[in-house]
Amino acid sequence: MMLRIWAFLDWCFFGPASTRAGLLALLIRTLRYPYAVVRDLWRGDINLRAMGLVYTTLLSLIPLVAFSFAILKVFGAHRDLQPIVYEFFRPVGEQAATELTERVMQFADRISSGVVGSVGLALLAWTLLGTIKKVEDSFNFLWRVEQPRSFARRIAEYLTLLVVGPVLLVGFIGLSHATIGSAPVQTVAKMPFLQRLPGTLIALAPYAMVTAFFTGMYMFVPNTRVQLRAALVGAVSGGVLWAAVGKMFTAFVVYSTRLTIVYAGFAFIVAALLWTYLGWLILLAGAQLSFYVQNPMYLRLGLQELRLSCVEIEQLALKMMYFVGRTHLTGGKRWTVNQLASELGLPGIAVAKMAAALEAAGLVIVTDGDELLCAKDIGRITVYEILEIARNQRSGHFAPRSMPIPAVDRLTASLDELRRSRCDDLTLRDLVEETPRPVSVDEPSFPRSSFRR
C-alpha cells in the first residue's frame, strides 16, 4: 500500500505536470525539495543515523564542554558557555534545563581541572574525536561522499575546529551583546516604535546562532565542496524547524504529566534524550536539503542505490566520451561531472563512477575542478575500447569462479569477435565527426551508422 502511495506522489512531483510552464509547475518543482526530504526520513536511513548520534552525543557532551572550558579559561570567558548549554536543553523545560546545565558544567569543570587524570582525559578526548568522525560519516552519507578524510587531515581539522570553534562562538555572543548595548543602538531604541528593538534582537540571537552554526556544519563537515547558497538554504530551513519543534516539544514536556508519572525522577533525562534525537534529526534533514539544492538531479532517486543496466552503462560511457571528445575537437567550455549529470539526466554518482573508470583506463583526466579532459588524441581512442571499459566494471564484492562451458564460451567469443570487427576500427573522432545521413522512405526506421572515413 505504501509503495503505491509513494509511487503516486513521485508521479505528482516528477510527472508531466512538473515539466510544463506556468506557476503551478513552478510550485510543484519547488515542493519537490521538502517532499524528497520527508520521503527520505520516512524510509528510515536518516532516523537510524540520528539515533546513533544521540548515543555519541551523551558520551561527548562533557568532554566537549570541558575542552571548551580549557580553551576559554585563557581568555577568562569559560563561564560564557553556560547560556549556550542551557539554550541546547531549553526545550525540555526550564527546571530540567537548569538542572541539566548545572550538572554538565560541574562535570566539565572537574574534568578541566585535571580530576580525571591524564589517562581519563585522553579517553574523553578520543571519545570526542570519534563523535566528530561519526558526524562526518553521517554527512558524507547524505552527500554521497565515498572517500572520507585521511587520518592525518581528520586529526588536524578536528583539533582546529575544537580550538577555534568555542572562541568564535563566545566571540559572537560578546559581539552581539556589545552591539545591543552600544550607544547608536540604544539611541535608535529610544525612538518611538523601536523601544522593543533590544529585546527583539536578544530574542532572535539564538535563532541566528543556530542558523550560523548549521551553515558552518553544512559547509565544512562533508568531505566535498559545498556551495554557500545550498548550505544557507538548508541552515535557514533547519533553524526555522529547530525553533518550531523546540517550542512544540517544550509545550509537550510542560503539559504532559504522564511522562513524569512513568519515569519519576528520570523524566528530565528521557526528555533530554528525545530532544537530542530530534535535534540531530533536524540537523541531518537540513543537510539533506542542502544536498538536494546543490544536486537537484538526485531528487527523484533519493537515498536509494543507483542501479544501471548493462546497456545503460555502455550508453553512459559512449555519451560521456562523445561530449568530452567534441569539446577536445571543437574547443569551448570543458564539461564537469555535475554538468554532464545534468545534461544526461542522471545522478552525479553514476557519472562520477564512470569518470573514475575512464580515468583509471587512461582515456580521460579529471582535474581538481572536476573537469574532464581527453588523456590522448581522440583519433587513438577506439569505440571498442570505451565499450570494454564500461562492460568490465567490477562490483568488487567477490570474484566469480572460472567455470569453462564450451557452448557458452564459443557463443561469448563469437559475440565479442562481432563487436570487435564492428567497433575496433571506429574511433572517437569518427563518432564526433559523424555526418547524419537523411533516411529514405525505403530504409528502416532504426538508425544506421554513416561515419566519415
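Please read all numbers here as calculations on a predicted model, not as lab measurements. Along each chain, the written sequence defines residue order, and numbers are assigned to residues from 1. Since the coordinates come from a predicted model, pLDDT governs what is reported: local features require at least 70, and pairs of side-chain atoms require 80 or more to be given and counted, while whole-chain, interface and lining totals use all residues. The side-chain quantities take in all heavy atoms of the structure and omit both hydrogens and water.

(A) Spatial organisation of the overall build of the protein. Helical segments are the DSSP runs of H or I of at least four residues, strand segments are the runs of E of at least two, and each set is numbered from the N terminus. A count of helical and extended segments in the protein gives 18 helices and 2 strands. Here a residue-residue contact requires only that any non-hydrogen atoms of the pair lie within 4.5 Å. For the protein, long-range pairs separated by at least 24 residues make up 71% of all intrachain contacts whose partners lie at least 6 apart in sequence. For the accessible areas, the method is Shrake-Rupley and the probe is 1.4 Å, while residue cover comes only from the protein chains on display. For the protein, the accessible surface area stands at approximately 26,800 Å², while carbon and sulfur atoms represent 65% of it.

(B) How the structure looks around helix α2 (residues 23-43). A helix is expected to reach a length of 1.5 Å times the quantity of its residues less one. The end-to-end C-alpha distance of α2 is 30 Å, a good match for the 30 Å that 21 residues give at a rise of 1.5 Å each. What we call the bend at a residue is the angle made by axes fitted to the seven residues finishing there and the seven residues starting there. If you look at α2, its biggest bend is around 30 degrees, right at Arg32, and the proline Pro34 turns up within four residues after that. Note on classification: 1.4 Å probe, protein chains only; a residue is buried when its accessible area is under 20% of the maximum for its type, exposed when over 50%, partly exposed between these limits. Here α2 has its buried residues at Ala25, Ile28, Arg32, Tyr35, Ala36, Val37, Arg39 and Asp40. Within two residues after α2, Gly44 carries a phi angle of roughly 100 degrees, on the positive side.

(C) Representation of the packing of helix α1 (residues 2-14) against α2 within the structure. Between α1 and α2, whose axes approach to 9 Å, the crossing angle comes to 155 degrees. The pairing of α1 with α2 is recorded here as roughly antiparallel in orientation. Handedness of the crossing formed by α1 with α2: left-handed. Here Met2, Trp6, Leu9, Asp10, Cys12, Phe13 and Phe14 of α1 come into contact with α2, specifically with Ile28, Leu31, Arg32, Tyr35, Arg39 and Trp42. Only the stretch in contact is used when fitting a helix axis, every axis being a line fitted to C-alpha atoms; angles between N-to-C directions are given from 0 to 180 degrees. These descriptions rest on fixed angle ranges, namely under 35 degrees for roughly parallel, over 145 for roughly antiparallel, 65 to 115 for roughly perpendicular, and the rest for oblique. Crossing chirality is assigned from the near helix's rotation relative to the far helix, an anticlockwise turn below a right angle marking it left-handed and a clockwise turn marking it right-handed.

(D) Region of the structure containing the packing of aromatic side chains. Between rings of Phe, Tyr and Trp, where Trp is taken as its six-membered ring, a pair exists when centres lie within 6.5 Å; planes separated by under 30 degrees are stacked, by over 60 edge-to-face, and by other angles tilted. Enumeration according to the criterion identifies 15 aromatic pairs in this entry. Both rings, one in Phe13 and one in Tyr35, keep their centres 4.5 Å apart while their planes meet at 15 degrees; by these two values the pair is stacked. Here Phe13, found in helix α1, pairs with Tyr35, found in helix α2; they are 22 residues apart in sequence, far enough to count as distant. Like Tyr35, Phe13 is buried.

(E) Structural context of helix α16 (residues 383-391). Residues of α16 that are buried: Val383, Tyr384, Ile386, Leu387, Ile389 and Ala390. Looking at the packing, one finds that the buried side of α16 touches α13 (310-330), α15 (348-360), α17 (406-423) and α18 (428-432).

(F) Geometry of the side chain of Arg32. Along the polypeptide, Arg32 turns up in helix α2. Charged residues are defined narrowly, with Lys and Arg counted positive, Asp and Glu counted negative, and His plus the chain ends left uncounted. Whenever a carboxyl oxygen of Asp or Glu lies within 4 Å of a side-chain nitrogen of Lys or Arg, that contact is scored as a salt bridge. Although buried, Arg32 forms no salt bridge, and the nearest oppositely charged side chain, Asp10, lies 9.2 Å from it. Ignoring any residue separated from it by four or fewer positions in sequence, one finds Arg32 in contact with Phe13, Phe14, Ser18 and Leu299.

(G) Examining the pattern of salt bridges more closely. This structure, assessed with the given rule, holds 8 salt bridges. Note that Glu371 is salt-bridged to Arg334, the shortest N-O span being 3.5 Å. Placement of the pair is Glu371 in the loop between β1 (364-366) and β2 (372-374) and Arg334 in the loop between α13 and α14 (337-344), with a sequence separation of 37 residues. A relative accessible area of 25% places Glu371 in the partly exposed class. Owing to a relative accessible area of 40%, Arg334 belongs among the partly exposed residues under this scheme. The salt bridge involving Arg429 is made with Glu433; its shortest N-O contact spans 3.4 Å. When salt bridges that share partners are traced, they join Asp377, Arg429 and Glu433 into one network.

(H) Molecular detail of the packing of α14 against α15. It is at 8 Å that the axes of α14 and α15 come closest, and there the two elements cross at 125 degrees. The pairing of α14 with α15 is recorded here as oblique in orientation. The crossing of α14 and α15 is right-handed. Contacts between α14 and α15 involve Val337, Leu340 and Ala341 from the former and Gly348, Val351 and Ala352 from the latter.

(I) Region of the structure containing the nonpolar core. Only buried residues count toward a nonpolar core, which is a set of Ala, Val, Leu, Ile, Met, Phe, Trp, Tyr and Cys residues joined through side-chain atoms within 4.5 Å. Grouped together as the largest cluster of nonpolar side chains are 59 residues, with contacts concentrated most on Phe89, Val92, Phe139, Phe214 and Tyr218. No other element matches helix α12 (residues 267-294), which puts 15 residues into this core.

(J) Up close: unusual backbone geometry. Even without being glycine, Arg144 reaches a positive phi, approximately 60 degrees. Looking at the element boundaries, Arg144 is found in the loop between α6 (117-142) and α7 (151-180).

(K) View of the confidence of the model for the protein. Across the protein, the average pLDDT comes to 77, with 74% of residues at or above 70. pLDDT expresses how confident the predictor is about each individual residue, on a scale running from 0 to 100. Between residues 437-453, whose pLDDT stays under 50, and residues either more than four places distant or in other chains, the model counts 20 contacts.

(L) Representation of a nonpolar patch on the surface in the model. Together, Met1, Met2, Ile5 and Trp42 make up an exposed nonpolar region whose accessible area comes to about 480 Å². Position of Trp42 among the secondary structure elements: in helix α2. Excluding any residue in a salt bridge, patches collect residues exceeding 30% relative accessible area, merging like charges within 9 Å and nonpolar Val, Leu, Ile, Met, Phe, Trp and Tyr side chains within 5 Å.

(M) Just the environment of Ser421, in detail. Counting through the fold element by element, Ser421 comes out in helix α17. Residues Ser421 and Tyr384, spaced 37 residues apart in sequence, show a C-alpha to C-alpha distance of 9.1 Å. By the criterion applied in these results, polar contacts are pairs of N or O atoms within 3.5 Å in which, for protein atoms, one can donate a hydrogen and the other can accept it, and in which residues neighboring in sequence qualify only through two side-chain atoms. A polar side-chain atom of Ser421 sits 2.9 Å from the main-chain carbonyl oxygen of Leu418.

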